[in-house]
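# Observations on the three-dimensional arrangement
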Amino acid sequence: MEEKIKALLAEIAAFSVESEADLETYRRLYTNRKAQINTLFADFRQLPPEDKKRLGQPLNQLKQAANDRLEAFQAQLRQQNMAADRPHDLTLPGDPHMPGARHPLSIVLARIVGIFERLGYDIAEGPEIEDDWHNFTALNFPDNHPARDMQDTFFIHRNPDHLLRTHTSSVQIRAMEEGKPPFRILAPGRVYRNEAISARAHCFFHQVEGLVIDKDISFADMKQHLQFFATELFGANTQIKLRPSYFPFTEISAEMDVTCRICEGEGCNVCKYSGWLEIMGCGMVDPNVLRNCGIDPDEYSGFAFGMGVERIAQILFRVPDLRLYSQNDLRFLQQFEQF
Ligand code: DAH
C-alpha cells in the first residue's frame, strides 16, 4: 500500500488540466467515490492495527493532496473562462486612486522652516501641556496679566499650575534653560486659546517662534533676518515695516508688516486697503527673561519673534476662513495637490 500511495501522489503532482474534460478525468481518477484513493481506504480498514498506525497519516495526506489539487484546477479554469469572456479593454478608464496631498499648513510650515534653516536656525520643541513658569512667569508676564485669565487660557483642572500653552514662546524658555548661549532656534508648534470658533479665531492654531541669543546681537540683526525671511517667503520686492508694540517678554517690541503681495500695495480686502499685512510680533529679548533663564544680560543679548502659520497660509493661499484648515473637507484639501 505504501508504494501505491507514493505512486498516486506522483501522478497527482504531474497531472495538469486545460479544459473541463480534463477536470472530469481528474475527478474520476482521484477524487470521485469510486476513485482509486477511496478503494485504498476500503483496503485500509482490513489492515492489522500496527499497519493502520503506520499508514493512516500518509493515506490522509494523499486524500488532502488530491482535494487541494482539485481546488487549484477549478480556480485555474475559472480564471481562464473569465479572461476568455472579457478580453482586456485597454480603453476602459482606470480605477481612480487618491494619493492624498500635503496639508496647506504643512506646506507653509516647511517653507518657513526651510528659510530659517538656511540662516542656521535649529528646530526646538516643547510640550503642549505647559506650566505657568514657562508659558507666563519666566516670560515676564505680570501676575495680573489678562492672558492668565480663564477667559483666554485653558487651564488643566487637576493642576491649575498646568495649562495648554497659549504660544510657542514657552519653548524659548525651555531652550535657554536647557542649553548654553549662543542660541539660534526655531520652534514650530500647536498652541491653544480659549476662543469661540469663528472664521477669524480658533481654539487651536499653529505658531513658529524664533530666538537668537549671542554676544552683541542688535535690533539691526533682527531686521536683517526678518527682511530675508519676508523676501524669501513672499517674493523679491517685499518690504517690511516694524511698528512699535508691546509684549511682556521683549523690550523693545514691534509688530512686523509686509507689503501686500495680493494687491501689490494697491489696496484690497485682505490688507483692508492699507497695502500692508501684519504677520508677526518681535523684539529684543527682555533682560528679565534672560535672567530668569540664568543668562547674564550684560554679556548676552538677542531677539525673538513669533508668527501664526494659519495667518501666513491665509495670505499665501487666500484662505478666507480659519475653520477650513481643520474641517478635513476634501474639496478644500485637494486644492493644494500641486504645491
Ligand atoms: N507670543 C506672541 C503671541 O502669541 C508672539 C510673539 C510676539 C512672539 C513677540 C515673540 C515676540 O517671540 O518677540 O502672540
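These remarks concern the structure in this document. (Residues numbered from 1 in each chain as written. Predicted model: local features only at pLDDT ≥ 70, side-chain atom pairs only at ≥ 80, totals over all residues. Heavy atoms only, no water.)

### A few points about the sheet that holds strand S1 (residues 122-123)
Pairing is mixed across the open sheet formed by 7 strands, whose spatial order is S1-S4-S5-S9-S8-S7-S6. The two strands at the open ends of the sheet, each matched to only one other strand, are S1 and strand S6 (240-247). The pairing of S1 with strand S4 (residues 183-192) spans 2 bridges and is classified as parallel. Across the sheet, the residue bridging to Asp122 is Ile185, located in S4. Contacts from helix H7 (residues 169-178) reach S4, strand S5 (204-214) and strand S9 (301-308), with the element oriented near 40° to S5. (Pairing = 2+ DSSP bridges. Helix = DSSP H or I, 4+ residues; strand = E, 2+ residues; numbered from the N terminus. Contact = heavy atoms within 4.5 Å. Axes fitted to C-alpha atoms, helices over the stretch in contact; angles between N-to-C directions.)

### Focus: the layout of surface pockets
Taken as a whole, the second largest pocket encloses approximately 200 Å³ of empty space. Lining of the second largest pocket is provided by 16 residues; of these, His103, Leu105, Arg190, His206 and Glu310 occupy positions nearest its centre. Of all elements in the fold, only helix H5 (104-118), S4, S5 and helix H10 (309-317) reach the threshold of two or more residues within the lining of the second largest pocket. Looking at side-chain class alone, the lining of the second largest pocket contains 8 nonpolar, 6 polar and 2 charged residues. (1 Å grid on protein atoms, 1.4 Å probe; cavity = no way out; pocket = protein on both sides within 12 Å on 5 of 7 lines; lining within 4 Å. Points joined across faces, edges and corners; volume = space filled by probe spheres on them. Nonpolar A, V, L, I, M, F, W, Y, C, P; charged D, E, K, R; others polar.)

### Concerning the packing of helix H1 (residues 2-14) against helix H3 (residues 36-45)
Running from N to C, H1 and H3 cross one another at 160°; their axes reach a closest spacing of 11 Å. For the element pair H1 / H3, the angle class is roughly antiparallel. Like other packed secondary-structure pairs, H1 and H3 cross with a definite hand, here left-handed. Where H1 approaches H3, its residues Lys4, Ile5, Leu8 and Ile12 are matched on the opposing element by Gln36, Ile37 and Leu40. Taken together, the residues that form the contact of H1 with H3 break down as 5 nonpolar, 1 polar and 1 charged. (Parallel < 35°, antiparallel > 145°, perpendicular 65-115°, else oblique. Left-handed = near helix turned anticlockwise from the far one by under 90°.)

### Observations concerning unusual backbone geometry
For residues besides glycine, phi is generally negative; the peptide bonds are generally trans as well. Each neighbour pair has its own omega, and for Pro181 with Pro182 the value is 5°, a cis peptide bond. Look at Asn140: it is not a glycine, yet its phi comes out positive at around 75°. With respect to the helices and strands, Asn140 occurs in the loop between helix H6 (132-135) and strand S3 (162-164). The phi dihedral of Tyr273 is positive, around 60°, even though this residue is not glycine.

### What about the site of the ligand?
Near the ligand there are 15 residues, and of these His167, Ser169, Arg193, Gln207 and Glu209 occur at the shortest range. Within the side chain of Glu209, one N or O atom sits 2.5 Å away from an oxygen atom of the ligand. In the complex, the protein chains occlude 89% of the 350 Å² of accessible area that the ligand would expose alone. Of all the secondary structure elements, the ones that give two or more residues to the shell around the ligand are H7, S5, strand S8 (276-285) and S9. (Near = heavy atom within 4 Å. Polar contact = N/O pair within 3.5 Å; in protein donor to acceptor, adjacent residues only side chain to side chain. Areas by Shrake-Rupley, 256 points an atom, 1.4 Å probe, with all protein chains shown as cover.)

### Examining the packing of aromatic side chains
Applying the stated criterion to the full structure yields 16 aromatic pairs. Here the aromatic rings of Tyr26 and Tyr30 are separated by 5.1 Å at their centres, their planes lie at 50°, and the arrangement is tilted. One end of the pair, Tyr26, and the other, Tyr30, are both in helix H2 (residues 20-31), 4 residues apart, so they sit about a helical turn from each other. By relative accessible area, which is 0% here, Tyr26 ends up buried. In this structure Tyr30 comes out as buried when scored by relative accessible area, which is 4%. With centroids separated by 5.1 Å and ring planes inclined at 70°, the aromatic side chains of Phe136 and Phe141 adopt a geometry described as edge-to-face. Of the residues examined, Phe136 reaches a relative accessible area of 0% and is grouped as buried. What links up through ring pairs into an aromatic cluster is the set Phe116, Tyr121, Phe229, Phe303 and Phe305. (Phe/Tyr/Trp six-rings, centres within 6.5 Å; stacked < 30°, edge-to-face > 60°. Buried < 20%, exposed > 50% of the residue type's maximum accessible area, 1.4 Å probe, protein only.)

### Details of H5
Compared with the 21 Å implied by 1.5 Å per residue over 15 residues, the 22 Å span of H5 between its first and last C-alpha is a close match. When H5 is considered as a whole, its buried residues turn out to be Pro104, Leu105, Ile107, Val108, Ile112, Val113, Ile115 and Phe116. One or two steps after H5, the chain reaches Gly120, where phi turns positive at roughly 90°. (Expected span 1.5 Å × (residues − 1).)

Functional significance is not addressed by these values, which are geometric in nature.
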